[in-house]
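Breakdown of the fold
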Amino acid sequence: MNFFRGVMGGQAAGPQPSGAETIQKLCDRVASSTLLEDRRDAVRALKSLSKKYRMEVGTQAMDHLINILQTDRSDSEILGYALDTLYNIICNDEEEEQDAVTPLPASGKQKNVSMPDEAAQKQADDLGAQFTDQFIQDPEHVTLLLTLLEEFDFHVRWPGVKLLTALLKNQGPQVQGIILVSPMGVSRLMDLLADSREVIRNDGLLLLQQLTKSNAAIQKIVAFENAFERLLDIITEEGSSDGGIVVEDCLLLLLNLLKNNSSNQNFFKEGSYIQRMKPWFEVGDDNSGWSAQKVTNLHLMLQLVRVMVSPVNSPGATASCQKSMYQCGLLQQLCTILMATGVPADILTETINTVSEVIRGSQVNQDYFASVNAPSNPPRPAIVVLLMSMVNERQPFVLRCAVLYCFQCFLYKNQKGQGEIVATLLPSTIDANSISAGQLLCGGLFSADSLSNWCAAVALAHALQDNLTQKEQLLRVQLATSLGKPPVSLLQQCTNILSQGSKVQTRVGLLMLLCTWISNCPIAVTHFLHNQENVPFLTAQISENLGEDERLVQGLCALLLGICIYYNDNSLENYTKEKLKQLIEKRIGKENFVEKLGFITKHELYSRAAQKPQPVFPSPEQMLFDHEFTKLVKELEGVITKAVHKSSEEEKKEEEVKKTLEQHDNIVTQYKELIREQDAQIQELKEQVASMTTQNEQMQNTVTQQLSQIQQHKDQYNILKLKLGKDNQSQSNSQGESSQVNGLQTEELTQLREEVEELRKQHSLLQTQLSDKDALINTLRSEKTEGSAAGSDNTELLKELEALRSQVQSQSAEITQMKTERQELLRRAEAGSSDAVSSSDGSSDAAKIAEVESRLAAQTTETEKLKEEAKSLSQSRAELEQQLASANSTVAILQTEKTKLQTEVQESKKEQDDLLMLLADQDQKIHSLKQRLKDLGETVDDEDDLDARDQTDDDYEEDEDED
């Protein structure tokens, strides 16, 4: 322990070891000590030496410190010492030496005590980058650090946050890549914002700022981890614009997440977070004494609004955000700051730029801005107040640029606003008692300040951008130059100032105005060429060999002359297209003209102005090009070059083609109008069909209702009719008795019908059985020749069957007779019922009733007879069934006998075949024996014996056949 006392500041006897030796001994103790306390004391000693001996500690102890982070996870104190030591050797900021971990102020910022010189700072940066590369060489070290951030212990979490921040500052892209592929890496860092300890939360904000720099993937992950909600909550808790540096850190992180990230911008808008920005810009009446932090916070808030509506974003996303800002009242709040008093100049400038981009290209927002009035007496439009600042040379340069940008954005794609500005210059609308925008622009255009000339010329050019009507209207503007002299047109006054040789900035502004004015406007070209001095002035300017400063003016003069050629309608004989080209060829030369025209795009400030719409210039002298004018130059440079080199024949051909195209366009327009009319007619017809369909449905519903009502009436009528019939039946008893008798008779007839139908079915069944027996007898008859013994039995069976057939035929004749009798009975019953109905109609006729009763009695007796006949038929049917059963048994017996005979015949055939085989064998043997006898010399009987034997064999075969 004496060694540690010496290291930690205690006095020890003997020679003192050097710093490198001490660090080496401490590293050995960290690596070899088995006691946790010894390792902890050694790491604490390394921490105290890490600032003074940064190089030595970094080179010797880094591996040991990383090993401590991996093995001693259970002891938070040694982990804190190790993390602090690593932070001291990796961080490039020189801080006050701290023997122990002490919390920073609530802001989480760290201030430097002394600033090193540039060489020392560069050396420190190189050293920090070297140690950072060594640490992240194994990605598992960064993953280990992310794991340690999950520890809630303050002495572990806070040093871990600072160390990871230092790593990101030194080697941001590499560390971002490791964190991005680490599981739940970004989510662990997002948990820092929810820490209740402000120091860790605030340093977590600094960490997330470094993490989200220039990495769209991490920006998206952080945004979808609910970062917007948490950051806005922190800003509100800290007091919004009146808050401290924590609000600034939150705003910087929001800018990182939203800038150039369309996905996050859309998520921010869809999450209704734009509406939560409105309270940030609520300023009171007393705006004196703004703190520097409040100015910084509000400046960042305005930048955040501009990020959402930046011109570099997609048009659809920008328009959607502009709409949301107007609907939630954010634009109105910004205009309130714009017109408020006591607002600092840089906040006012940034607010003007913000309002510019919120209204740019949005008709609704532009109309609202046109209606805003300044709180003056009398009230003046905000546009007029801003233009007064723009043409006032005593105002700051950045403020004048911001006002010009605001005016340009107000007129961007706003033909209504362009017309209102030009209208303030026309003689019929000039009010002598008030200051208008047109008067301010003209005053700035002809003032002694070249910057005012340039700004007024560019602003007026934007009032004419892509608006042919206003270009023609501006030709009507007349200016009174001095007393006693006639007024001159605005176009002529601009050319007069050009010819007087004013400053380059003034002439550039006027030339840009003239080029924008007469481009795509043949009437304006004619007015310009009508002045006899303009063309000679332009040719003289282009043909002269001037210095570098005048080259831009020469290029703009060449562009103006080229526009006069390209948009010339040949209405002036002295300045037709062909004559102007001949003039260029004689006085300037075509190649020289094209070269001077190229001076514009080759200028160093041209490319800078073409990048973005906002006019941002480091100094007033460099304010030469306008963004929209660079688009015009890019569009016209090529066509003017072609127009100058074209011959008259090519010009004529092009004019013919243009005329043909115009004719085609007219025809197409006529067809379009015809199609529109037909579409309107079709729409009207569709509406008529729809109305008629609804009427048809209504009519069908009405018909259905009427049919149901008719059915109800019919039902009611039938009910009433039945009631009347019952009443008539109660009045006549005799009619009821006859009906009862008739009902009984009908039931008996129904039963008779059923019995006759049953007899008919039985008869058909007997016929089918008889046909089956006939078929069987026929088969037996065909096989009769095979057995002679069964002949007599078959004859008897046939006789019996013939008798059965005759009986069946007689029975069928009786059934037929019964059918006819039944039909007669039914006919009589129907006649009797009709007679009964006729008698019911006249109940008073008793004779008819008696006659009906006698008929019914006769029918009853006939019915009894039919019943008896049916019984006898059933008995005869039973007898026939018995006879048929006996016939079936006889047939079965015959069938068995036939089978026996067939088997016997088969057996006899088999025996004959066997005998024949034996005879054949015997013949063969006899033949062989004869042959042997012949060979031995014996005499053998040949033919006589053989004939006798053959005769004997024939007799034997006949006997076999008889058997």
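Keep in mind it's a predicted model, so treat the numbers as computed, not measured.

This next bit is on the overall build of the chain. Per the secondary structure count, the chain includes 40 helices and four strands. Across the 963 residues of the chain, 42% fall into the buried class. With the model as given, the accessible surface of the chain reaches about 52,700 Å², and the carbon-plus-sulfur share is 50%.

This brings us to helix α17 (residues 330-339). Note that an α-helix has 3.6 residues per turn; residues three or four places apart therefore point the same way. A large share of α17 lies buried, amounting to eight of its ten residues. Residues of α17 that are buried: Leu330, Leu331, Gln333, Leu334, Cys335, Ile337, Leu338 and Met339. Residues of α17 that are buried in the fold lie against α15 (292-308), α16 (315-327), α18 (345-359), α19 (363-371), β1 (373-374) and α20 (382-390).

Let's shift gears to the nonpolar core. If you look at the biggest cluster of nonpolar residues, it comprises 211 residues, and the most contacted ones within it are Leu164, Ile179, Leu189, Phe281, Phe369, Trp517 and Leu559. Considering every element that reaches this core, the biggest residue donor is helix α21 (residues 397-411), with twelve residues. For tryptophan 517, the residues in contact, after removing those within four places along its chain, are Leu464, Lys471, Leu474, Leu475, Leu490, Leu491 and Ala524.

Looking now at the packing of helix α4 (residues 54-71) against helix α5 (residues 76-90). Where α4 contacts α5, the two axes come as close as 9 Å, and the packing angle between them is 145°. Judged by the sense of rotation from one axis to the other, the crossing of α4 with α5 is left-handed. Residues Arg54, Val57, Gly58, Met62, Leu65, Ile68 and Leu69 of α4 form the contact with α5, whose participating residues are Ile78, Leu79, Ala82, Leu83, Thr85, Leu86, Asn88, Ile89 and Ile90. The residue makeup of the contact of α4 with α5, split by class, is twelve nonpolar, three polar and one charged.

In this section: the side chain of threonine 349. Turning to its location among the elements, threonine 349 is positioned in helix α18. Residues in contact with threonine 349, not counting those within four places in the same chain, are Val398, Leu399 and Ala402.

Before going further, it helps to examine the packing of aromatic side chains. Each aromatic ring pair is described using two quantities: the centre-to-centre distance and the angle formed by the ring planes. What the rule picks out here adds up to eleven aromatic pairs. Seen in terms of ring centroids, tryptophan 454 and phenylalanine 617 are 6.3 Å apart; in terms of plane orientation they differ by 85°. Their pairing is edge-to-face. Of this pair, tryptophan 454 sits in helix α24 (residues 450-464) while phenylalanine 617 sits in the loop between α34 (604-611) and α35 (627-645), and the two are 163 residues apart along the sequence. Here the aromatic cluster, defined as three or more aromatic residues joined through ring pairs, consists of Phe224, Phe228, Phe267, Phe268 and Tyr273. Its guanidinium or amino end placed over the ring of phenylalanine 152, arginine 197 lies 3.9 Å from that ring's centre, counting from NZ or CZ.

The next subject is the confidence of the model for the chain. For the chain, mean pLDDT is 81; residues scoring 70 or higher make up 77% of the total. In the predicted structure, residues 95-116 sits below a pLDDT of 50 and forms 43 contacts with residues beyond four places in sequence or in another chain. Under a pLDDT of 50 for its full length, residues 784-794 has, in the predicted model, eight contacts with residues more than four places off or in other chains.

There is a patch of nonpolar side chains on the surface, built from Ile667, Tyr671, Leu674 and Ile675 and spanning about 380 Å² of accessible area. The residue isoleucine 675 is located in helix α36 (residues 648-731) in this model. Residue isoleucine 675 is classed as partly exposed on the basis of its relative accessible area, which comes to 44%.

Quick look at the environment of alanine 340 now. Along the chain, the position of alanine 340 falls in the loop between α17 and α18. Taking the C-alpha atoms as reference points, alanine 340 and valine 283, separated by 57 residues in sequence, lie 8.8 Å from one another.

Contact geometry of helix α8 (residues 154-170) with helix α11 (residues 198-211) gives a least axis separation of 9 Å together with a crossing angle of 20°. Classified by the angle their axes make, α8 and α11 are roughly parallel. The interaxial crossing formed by α8 with α11 has left-handed handedness. Where α8 approaches α11, its residues Phe154, Arg157, Trp158, Val161, Lys162, Leu164, Thr165, Leu168 and Lys169 are matched on the opposing element by Val199, Ile200, Asp203, Gly204, Leu206, Leu207, Gln210 and Leu211. For the contact of α8 with α11, the residue count by class is ten nonpolar, three polar and four charged.

Rules behind the numbers
Residues numbered from 1 in each chain as written. Predicted model: local features only at pLDDT ≥ 70, side-chain atom pairs only at ≥ 80, totals over all residues. Heavy atoms only, no water. Helix = DSSP H or I, 4+ residues; strand = E, 2+ residues; numbered from the N terminus. Buried < 20%, exposed > 50% of the residue type's maximum accessible area, 1.4 Å probe, protein only. Areas by Shrake-Rupley, 256 points an atom, 1.4 Å probe, with all protein chains shown as cover. Contact = heavy atoms within 4.5 Å. Core = buried A, V, L, I, M, F, W, Y, C linked by side-chain atoms within 4.5 Å. Axes fitted to C-alpha atoms, helices over the stretch in contact; angles between N-to-C directions. Left-handed = near helix turned anticlockwise from the far one by under 90°. Nonpolar A, V, L, I, M, F, W, Y, C, P; charged D, E, K, R; others polar. Phe/Tyr/Trp six-rings, centres within 6.5 Å; stacked < 30°, edge-to-face > 60°. Lys NZ or Arg CZ within 6 Å of the ring centre and 35° of its normal. pLDDT = per-residue confidence, 0-100. Patch = residues over 30% accessible without salt bridge, like charges linked within 9 Å, V, L, I, M, F, W, Y side chains within 5 Å. Salt bridge = Lys/Arg side-chain N within 4 Å of Asp/Glu carboxyl O. Parallel < 35°, antiparallel > 145°, perpendicular 65-115°, else oblique.

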